[in-house]
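# Observations on the model geometry
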Amino acid sequence: MKKIYIKTWGCQMNEYDSSIISNLLLNQKKYFLVNKPEDANILILNTCSIREKAKEKLFHQLGRWKKLKEKNSKIIIAVGGCVATQEGEEIYKRANYIDIIFGTQTIHRLPNMIEKVKKEKKFLIDISFPTKEKFDALLKPRHSKISSYISIIEGCNKFCSFCIVPYTRGIEVSRKCDDILFEIISLANKGIKEIHLLGQNVNAYRGKTAYGGICSFSELIELISEIDEIKRIRFTTSHPVEFTDEIINVYKKVPKLVNFLHLPIQSGSNRILNLMKRGHSVLDYKQIINKLLLIRPNMQISSDFIVGFPGETELDFHKTMELIEEINFDMSFSFIYSPRPGTPASIMSDKNVSLQEKKNRLYLLQKKIRKQAFNWTKKMMNSIQLVLVEGVSKKNITELYGKTENNRIAYFQGISTMIGKFVKVKITHTFIHSVRGIFVDYVN
Ligand code: SAH
Ligand code: SF4
Ligand code: F3S
């Protein structure tokens, strides 16, 4: 019972959770990861329920794994993540060949649950919300990479009318400030140069300090910036409501904070923002951006958009398109609204716009954003970019790749000793999301 296969759907939070699961199991030394479910005897599925067909997708996947279990009854199947937290026992009722259901906040208990199932051969479920206990488990050392995600806050209290996340991830719980700093320092000692702070609403962060005080998000960033080896700081996702002046001013104080911000707005119409219960207006959003641009005139902004929210008119959609142009959003995520069971929006009347029309709106929106993103990339032509080199290109082994500050993948001819370092690259070709260039120099 040693070979583990983990399949992950959903956001960076889920990816992060899966990496914690695999590290907790690998730390026990008796497990190892395999790349194909056919080779495994422990199958773990980390699910997402943000948009439609989440349940169908889950049962479809479980059906495939059931076949493997029919051939080998010793296989253990564990289902976790947001669908598991939301649906709980219902999943077992429809698929009684699974062994474990774990929640978004109980990933750290999975190793023990696996041991118990091995011994007792009985179905186990734990979808409770012991978030602080989960944070303590995060302190286990992780594999050294070049850039690392760090969870700083779990959950969400915003309850936007369309969104399932507060129900699947629980309320906002911040991780202790010193635990975060300790983890970053140990990562920095292992060679990590870039850290990416994670949470559904990172700017709601209020973590306890060792001296009984509270550390805000902006204070946390300042503290992290004092760690010399960390040269770049990113974060996802922030929310306009708590994007305070204090946070805006950190962009003045901390050059390590990248010139790129992902700040979801969802719609350019105040009427729709109200129905979505986002808690801010289009003007509030523009004010944040304008203040940021005064400090960082070249800052690139990306966002999330939902089209076809119940009651969205042609005019509402038009306002979203106007805002996209005005802010000149860079590459962004956009989706057709999907009713999520149990959310307030799911019972709003949604008959005024056909699916075809929603698809058309999404198409127009994505086309516009792609064009703007390409324009942002084209501006990089002939410039010198700082690239944090991540590895050898899969398509061409003579090339290395890394990320620019504005989230473009940069390819260039280089040598393997450059991996993990910052280098200067002169851009010679531009594509929508990537660039190609020539190595110019190392950066000290
Ligand atoms: N906390 C972040 C985003 C979390 S979910 C924020 O508030 O911005 C990521 C994105 O999924 C959302 O920004 C939204 O654009 C999209 N999304 C969430 N629920 C959705 C739904 N019911 N239908 C379609 N898209 C949805
Ligand atoms: Fe969902 Fe809104 Fe929370 Fe984002 S802020 S996770 S969209 S409820
Ligand atoms: Fe999906 Fe849960 Fe993330 S619903 S988007 S995996 S928080």
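This section reports on the structure supplied with the text.

Definitions and cut-offs
Residues numbered from 1 in each chain as written. Chains lettered and ligands numbered in written order. Predicted model: local features only at pLDDT ≥ 70, side-chain atom pairs only at ≥ 80, totals over all residues. Heavy atoms only, no water. Near = heavy atom within 4 Å. Nonpolar A, V, L, I, M, F, W, Y, C, P; charged D, E, K, R; others polar. Patch = residues over 30% accessible without salt bridge, like charges linked within 9 Å, V, L, I, M, F, W, Y side chains within 5 Å. Areas by Shrake-Rupley, 256 points an atom, 1.4 Å probe, with all protein chains shown as cover. Salt bridge = Lys/Arg side-chain N within 4 Å of Asp/Glu carboxyl O. Helix = DSSP H or I, 4+ residues; strand = E, 2+ residues; numbered from the N terminus. Buried < 20%, exposed > 50% of the residue type's maximum accessible area, 1.4 Å probe, protein only. Contact = heavy atoms within 4.5 Å. Polar contact = N/O pair within 3.5 Å; in protein donor to acceptor, adjacent residues only side chain to side chain. Lys, Arg positive; Asp, Glu negative; His and termini not counted. Charge placed at Lys NZ, Arg CZ, Asp CG, Glu CD. Axes fitted to C-alpha atoms, helices over the stretch in contact; angles between N-to-C directions. Parallel < 35°, antiparallel > 145°, perpendicular 65-115°, else oblique. Left-handed = near helix turned anticlockwise from the far one by under 90°. Pairing = 2+ DSSP bridges. Arc of directions from axis to C-beta. Phe/Tyr/Trp six-rings, centres within 6.5 Å; stacked < 30°, edge-to-face > 60°. Lys NZ or Arg CZ within 6 Å of the ring centre and 35° of its normal.

## As for the site of ligand 2
If you check the shell around ligand 2, you find Cys 156, Lys 158, Phe 159, Cys 160, Phe 162, Cys 163, Val 165, Pro 166, Gln 200, Asn 201, His 239 and Arg 278 and nothing else. Partitioned by chemical class, the residues of the shell around ligand 2 number seven nonpolar, three polar and two charged.

## Quick notes on a nonpolar patch on the surface
There is a patch of nonpolar side chains on the surface, built from Val 392, Ile 397 and Ile 419 and spanning about 270 Å² of accessible area. Tracing the backbone shows Ile 397 in the loop between β18 (384–392) and β19 (399–403).

## Considerations on helix α5 (residues 110–120)
Turning to α5, its buried residues are Leu 110, Pro 111, Met 113, Ile 114, Glu 115 and Val 117. The elements touched by buried residues of α5 are α1 (12–27), β3 (42–47), β4 (76–80), β5 (100–102) and β6 (124–126).

## Some thoughts on the site of ligand 1
Neighbouring ligand 1 are 16 residues; Gln 200, Pro 264, Gln 266, Asp 304 and Ser 338 lie closest to it. Taking Gln 266, its side chain carries an N or O atom lying 2.7 Å from an oxygen atom of ligand 1. Residue Arg 278 places a side-chain N or O atom 3.1 Å away from an oxygen atom belonging to ligand 1. Contact with the protein chains hides 91% of the accessible area of ligand 1, taken as 540 Å² for the molecule alone. Of all the secondary-structure elements, those providing two or more residues to the shell around ligand 1 are β16 (304–307) and β17 (333–336).

## So, the pattern of salt bridges
Applying the stated criterion across every chain yields a total of 27 salt bridges. The salt bridge partner of Glu 90 is Lys 93, with a shortest N-O separation of 3.2 Å. Here Lys 93 and Glu 90 lie together in helix α4 (residues 89–94), a separation of three residues that amounts to about one turn. Accessibility expressed as a relative area gives 41% for Glu 90, which makes it partly exposed. Of the residues examined, Lys 93 reaches a relative accessible area of 61% and is grouped as exposed. Notably, a salt bridge pairs Glu 399 with Arg 436, separated by 2.8 Å at the nearest N-O pair. Taken as a pair, Glu 399 in strand β19 and Arg 436 in strand β22 (residues 434–442) lie far apart in primary sequence, 37 residues in all. When its relative accessible area of 6% is taken as the criterion, Glu 399 is described as buried.

## Describing a positive patch on the surface
Together, Lys 367, Arg 370, Lys 371 and Lys 378 give the surface a local cluster of positive charge. Relative to the elements of secondary structure, Lys 367 occurs in helix α14 (residues 355–378). Using a relative accessible area of 43% as the deciding quantity, one classes Lys 367 as partly exposed.

## Concerning the packing of helix α10 (residues 245–253) against helix α12 (residues 282–295)
Where α10 contacts α12, the two axes come as close as 9 Å, and the packing angle between them is 20°. With respect to α12, the axis of α10 lies roughly parallel. Crossing of α10 over α12 shows right-handed handedness. Of α12, the residues touching α10 (which contributes Asp 245, Ile 248, Asn 249, Tyr 251 and Lys 252) are Ile 288, Lys 291, Leu 292 and Ile 295.

## A closer look at the pairing of β18
As defined by bridge partners, β18 adjoins strand β21 (residues 422–430) across five bridges and the pair is classed as antiparallel. Residue Leu 388 lies in a different strand from β21, and its bridge partner there is Phe 422. Bridge count between β18 and β19: four bridges; the pairing is antiparallel. The partner of Gly 391 across the bridge, within β19, is Tyr 401.

## With respect to unusual backbone geometry
Omega for the bond connecting Thr 236 with Thr 237 falls within 30 degrees of zero, at -15°, which places this linkage in the cis form. Structurally, Thr 237 can be placed in the loop between β13 (232–236) and α10. Unlike most non-glycine residues, Asn 407 shows phi in positive territory, near 70°. Following the sequence through the fold, Asn 407 ends up in the loop between β19 and β20 (409–413).

## Regarding helix α9 (residues 217–225)
Of the residues making up α9, those classed as buried are Phe 217, Ser 218, Leu 220, Ile 221, Ile 224 and Ser 225. Along the axis of α9, the buried residues cluster in a sector spanning 160°; they form a single face.

## A look at the packing of aromatic side chains
By the definition in use, this model includes 10 aromatic pairs. The interplanar angle of 65° and the centroid separation of 5.3 Å between the aromatic rings of Phe 309 and Tyr 337 together place this pair among those described as edge-to-face. With Phe 309 in the loop between β16 and α13 (314–327) and Tyr 337 in the loop between β17 and α14, this pair connects stretches of sequence that are 28 residues apart. The pair Phe 309 / Tyr 337 is uniform in exposure class, with both members buried. Between Tyr 401 and Tyr 411, the ring centres sit 6.5 Å apart and the planes meet at 45°, which makes this aromatic pair tilted. Here Tyr 401, found in strand β19, pairs with Tyr 411, found in strand β20; they are 10 residues apart in sequence, far enough to count as distant. Through a chain of ring-to-ring contacts, three or more aromatic side chains come together here, namely Phe 162, Phe 309 and Tyr 337. Between the NZ or CZ atom of Arg 51 and the centre of the ring of Phe 335, over which it lies, the distance is 3.5 Å. Cation over ring: Arg 94 sits above Phe 59, and NZ or CZ is 3.8 Å from the ring centre.

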